Amino acid sequence: MNPLQTKIEFLKGVGPKRAELLQKELHIFTFGDLLFHFPFRYVDRSQFHKVENANQDQAFMQFKGHVRKIRKMGQARKMRLIAEFYDETGVIELIWFKGIKWVEPKLDPEKEFVLFGKPTRFNGKYNIAHPELEPSSSAKATNGRELQPIYHSTDKLNSANLHTKAIEKLVYTITQQISINLPEILSPHILETWHLMPRHLAFFEVHFPSTPDQLKLARYRLKFEELFFMQIQILRFKNHRNTEKGGFVFNRVGEKFTQFYNEVLPFELTGAQKRVVKEIRNDVKTGKQMNRLLQGDVGSGKTIVSVLAMLLAMDNGYQAALMAPTEILAQQHYIGVSELLEPIGIKTTILTGSTKTKDRRERLAALEAGEISIIIGTHALLEDRVKFQNLGIVVIDEQHRFGVAQRSRMWAKSKVPPHILIMSATPIPRTLAMSFYGDLEVSIIDELPPGRKPIQTIHKYDAHRLGIFGFMRKEIAKGRQVYVVYPLIEESEHFQYKDLMDGFESISREFPTPEFQVSVVHGRLKPADKEMEMQRFVRGETHIMVATTVIEVGVNVPNASIMIIESAEKFGLAQLHQLRGRVGRGAEQSYCVLITDYKLSSDARTRIETMVRTNDGFEVAEADLNLRGPGNIMGTQQSGILDFNIANLATDGKILKVAREAAQTLLEQDSNLSLAENALLRKNFIAYAKKHPNWGSIS
Ligand code: ADP
Ligand code: MG
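Residues numbered from 1 in each chain as written. Chains lettered and ligands numbered in written order. Predicted model: local features only at pLDDT ≥ 70, side-chain atom pairs only at ≥ 80, totals over all residues. Heavy atoms only, no water.

*Asks:* What should I look at first to understand the sheet that holds strand 16 (residues 441–445) in this one?
*Replies:* Paired through their backbone hydrogen bonds, the strands of a sheet run either parallel or antiparallel. Strand order in the open sheet made by the seven strands is 12-13-11-14-15-10-16, with parallel pairing throughout. Looking at which strands have only one partner, the edges of the open sheet turn out to be strand 12 (348–351) and strand 16. The mean angle between the axes of side-by-side strands here comes to 20°, regardless of whether they run parallel or antiparallel. Bridging between strand 12 and strand 13 (residues 374–377) involves four bridges; their strand directions are parallel. (Pairing = 2+ DSSP bridges. Helix = DSSP H or I, 4+ residues; strand = E, 2+ residues; numbered from the N terminus. Axes fitted to C-alpha atoms, helices over the stretch in contact; angles between N-to-C directions.)

*Asks:* How should helix 11 (residues 302–315) be read in this particular structure?
*Replies:* One turn of the α-helix equals 3.6 residues, which is why residues spaced by three or four share an orientation. Over its 14 residues, helix 11 extends 20 Å from the first C-alpha to the last, a length consistent with the 20 Å expected when each residue adds 1.5 Å. Residue Gly317 follows helix 11 closely and has a positive phi angle near 85°. (Expected span 1.5 Å × (residues − 1).)

*Asks:* Sorry if this is basic, but what is going on with the site of ligand 1 here?
*Replies:* If you check the shell around ligand 1, you find 15 residues, and the closest are Gln273, Gly299, Lys302, Thr303 and Arg452. Contact between ligand 1 and Thr303: an oxygen atom at 2.6 Å from a side-chain N or O atom of the residue. Considered on its own, ligand 1 offers 560 Å² of accessible surface; in the complex 77% of this is hidden by protein. (Near = heavy atom within 4 Å. Polar contact = N/O pair within 3.5 Å; in protein donor to acceptor, adjacent residues only side chain to side chain. Areas by Shrake-Rupley, 256 points an atom, 1.4 Å probe, with all protein chains shown as cover.)

*Asks:* In this structure, what is going on with the packing of aromatic side chains? I would like to understand it.
*Replies:* Pairs of aromatic rings are described using the distance from one ring centre to the other and the angle between the two planes. Applying the stated criterion to the full structure yields 17 aromatic pairs. With 5.9 Å between their ring centres and 35° between their planes, Phe38 and Phe203 make a pair best called tilted. Linking Phe38 in the loop between helix 2 (31–35) and strand 1 (41–44) with Phe203 in helix 7 (residues 199–207), this pair joins segments that are 165 residues apart in sequence. Pair check on accessibility: Phe38 and Phe203 agree, each one buried. Where Tyr461 meets Tyr598, the ring centres are 4.4 Å apart and the plane angle is 20°; that geometry is what we call stacked. With Tyr461 in strand 17 (residues 456–461) and Tyr598 in the loop between strand 22 (591–596) and helix 20 (602–613), the pair connects residues that are 137 residues apart, well separated along the chain. Among the aromatic residues, ring-to-ring pairing joins Phe36, Phe38 and Phe203 into one connected group. (Phe/Tyr/Trp six-rings, centres within 6.5 Å; stacked < 30°, edge-to-face > 60°. Buried < 20%, exposed > 50% of the residue type's maximum accessible area, 1.4 Å probe, protein only.)

*Asks:* Whenever I open this one, the pattern of salt bridges confuses me. Can you help?
*Replies:* Oppositely charged side chains may form a pair once their charged atoms are brought near each other. Tallying each qualifying case throughout the model produces 25 salt bridges. A salt bridge links Glu84 to Lys69, with the nearest nitrogen and oxygen atoms 3.8 Å apart. Here Glu84, found in strand 3 (residues 80–87), pairs with Lys69, found in strand 2 (residues 61–73); they are 15 residues apart in sequence, far enough to count as distant. Take Glu84: its relative accessible area is 16%, and that puts it in the buried class. (Salt bridge = Lys/Arg side-chain N within 4 Å of Asp/Glu carboxyl O.)

*Asks:* Looking at this model, I keep getting lost on the sheet that holds strand 19 (residues 518–521). Mind explaining?
*Replies:* Here six strands make up an open sheet; going across it, the order is 17-22-21-18-20-19 and the pairing parallel. Every other strand in the sheet has two partners, leaving strand 17 and strand 19 as the edge strands with one partner each. Geometrically, the sheet is characterised by an average inter-axis angle of 15° between neighbouring strands, direction not taken into account. Relative to strand 19, helix 18 (residues 527–538) is tilted by about 145°, and along the sheet it contacts strand 18 (481–485), strand 19, strand 20 (544–547) and strand 21 (560–565). Helix 19 (residues 573–580) contacts strand 17, strand 18, strand 21 and strand 22 of the sheet and is inclined by roughly 155° relative to strand 21. (Contact = heavy atoms within 4.5 Å.)

*Asks:* So what exactly am I meant to see when it comes to the side chain of Thr542 here?
*Replies:* Residue placement: Thr542 occurs in the loop between helix 18 and strand 20. At 2.9 Å, the side chain of Thr542 and the side chain of Ser519 are in polar contact. With residues near it in sequence (within four places) discarded, Thr542 still touches Gln481, Gln517, Val518, Ser519, Arg536 and Phe537.

*Asks:* Just checking my understanding: could you explain unusual backbone geometry for this structure?
*Replies:* Excluding glycine, most residues fall at negative phi; most peptide bonds, likewise, are trans. A cis amide bond, omega 0°, links Thr513 with the succeeding residue Pro514. Inspection of the secondary structure puts Pro514 in the loop between helix 17 (493–510) and strand 19. Phi at His27 takes a positive value of approximately 55°, unusual for a residue other than glycine. Its location among the elements puts His27 in the loop between helix 1 (15–26) and helix 2. In this structure, His195 is a non-glycine residue whose phi angle is positive, near 55°.

Function cannot be inferred from these measures alone, as they are strictly geometric.
So this is what it looks like as structure tokens:
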């Protein structure tokens, strides 16, 4: 058997009890799993701080000094051992609650010690509980190296004495046992071309680095390997689709497209829109299925691009479907699209959950008979009874609300899979898009239609609310409308509801009827009531919309010019940006007011400052990525596709590019990994693909 598959309980120093903990807490079942439990940071044990520089923002610090004033306090089970640790610059208090009889005899005031731990500040003094304390003469990382690995541990593991140092020892035991059995899986050719450290060495160096440079090379090799597998999977899927599954050929730019473009289109397309239309036209004439993501900030004009794409389908004799995540959005699309297209004789219809039975029957029959060219709707379009005569293209708006499985149901409605255009206003940084969207081609609209006034974003504290009310009154007097949004916090739904209702009350007091009308929308309303309240605001019958984040997606009320976000510090950046995008859709100057508490965490402050500084969705997304890491980018949480062992998409964009190039080169030479030199790679890739079924099939 492969020694990496040996159960962890058989490792010297583990046993059944600790094995169970390792499984539960860290998902470590085998030797191999432990070897893949990489340190998350390293401490340079050759570096010492002065006590006066103790700082609780640092995870671990190391000092050199002596101990004094050793004393026990309390009785029996509450006994504590306390000592002072000092150097020429200051004092840190050391405390032990457990193991006192082992520690006390070692505290020799004559000896120099190395102190290692996380300082905590209490009553103006620093202390460290249960520090690592070793005589200077013997204080070194395992194996005498200077960089000490720090491993993730948990409270439960710590209480079973499986803290980072213990894990380090276990890993060391493994590396000593199986070093000869950790074969290289990449061919010499690949190693050489991409300058990679041999595998067994990389595994050893990543846990027990001999020098910082070696550590860098080791991490590079392991990150590369991880990203390389991912890219092989994505590219194989893409190649498969391109060769095996054909697509409809739209090779005519015909009457409808041209007529619309010349006679109906109410404005000149921006350069970015033109470019994207061209990209789509190139895709759909190749005979391969288009699978394209159209990213563009809110208000950048994605809809018109999708209308032109749908017209290409009409010109080639096909039908189109446009799917939106909410009823309101579907309605808005239907009104907009039918207004544009009915004049040139294109029949459109709408289907949502609330379409009456009789209407639904008629519309579905007309769709199947080919009398209707475009159907617009919600999830209702996915139902089996929705049948097309010849569906050629599917446009999906605000993609992250639809799951993968749902989307693939759309494909099944046609013998040849229809072309797919996904529109998203969630800006995904470019480095991420490449892997995040698997094999989707990405188009970007990075230019707003001319004449837009950039939204002004303002940060205000709670105490400024009266001033804000005054500002609202002025804008409403000019005929504008206002959103006031409260955070939706799932754990405390009750409080959130209370906040919202308190807010609603105070706004109703400040803006009394009949002069002012206020809508309120929140999660506790029935869908029909929610819909009605939204519609009142959309129609301009109410001046103020008080809501939770339900209004986040897509709603278009060009007359709304102020977005007020309460407790803005509680929102993530992506969400703040989405909310802000609800205003600035008309010709008027628009404003986004972020109201926060005086006290802000440093992350919250960065978020607010980012919002105030820029309107650019990609810049916001980059900031978000830096703050939170890719696992938290909107829409990625459930997918589980971003759980890497060592690679980090936020920071490893360069390695990702290299890995992609390497995967491309490999597959050009050996598309099925059937060459002898790639045998081990193939075996490991198959194992990888089993563990990561999501990659590649994301679309
Ligand atoms: P989003 O990308 O957020 O879906 P929309 O497609 O709803 O944006 O477009 C926002 C608004 O901009 C719409 O009112 C649309 O008619 C208008 N628009 C789109 N493209 C242009 C353009 N090239 N010139 C002027 N206005 C445009
Ligand atoms: Mg839109």
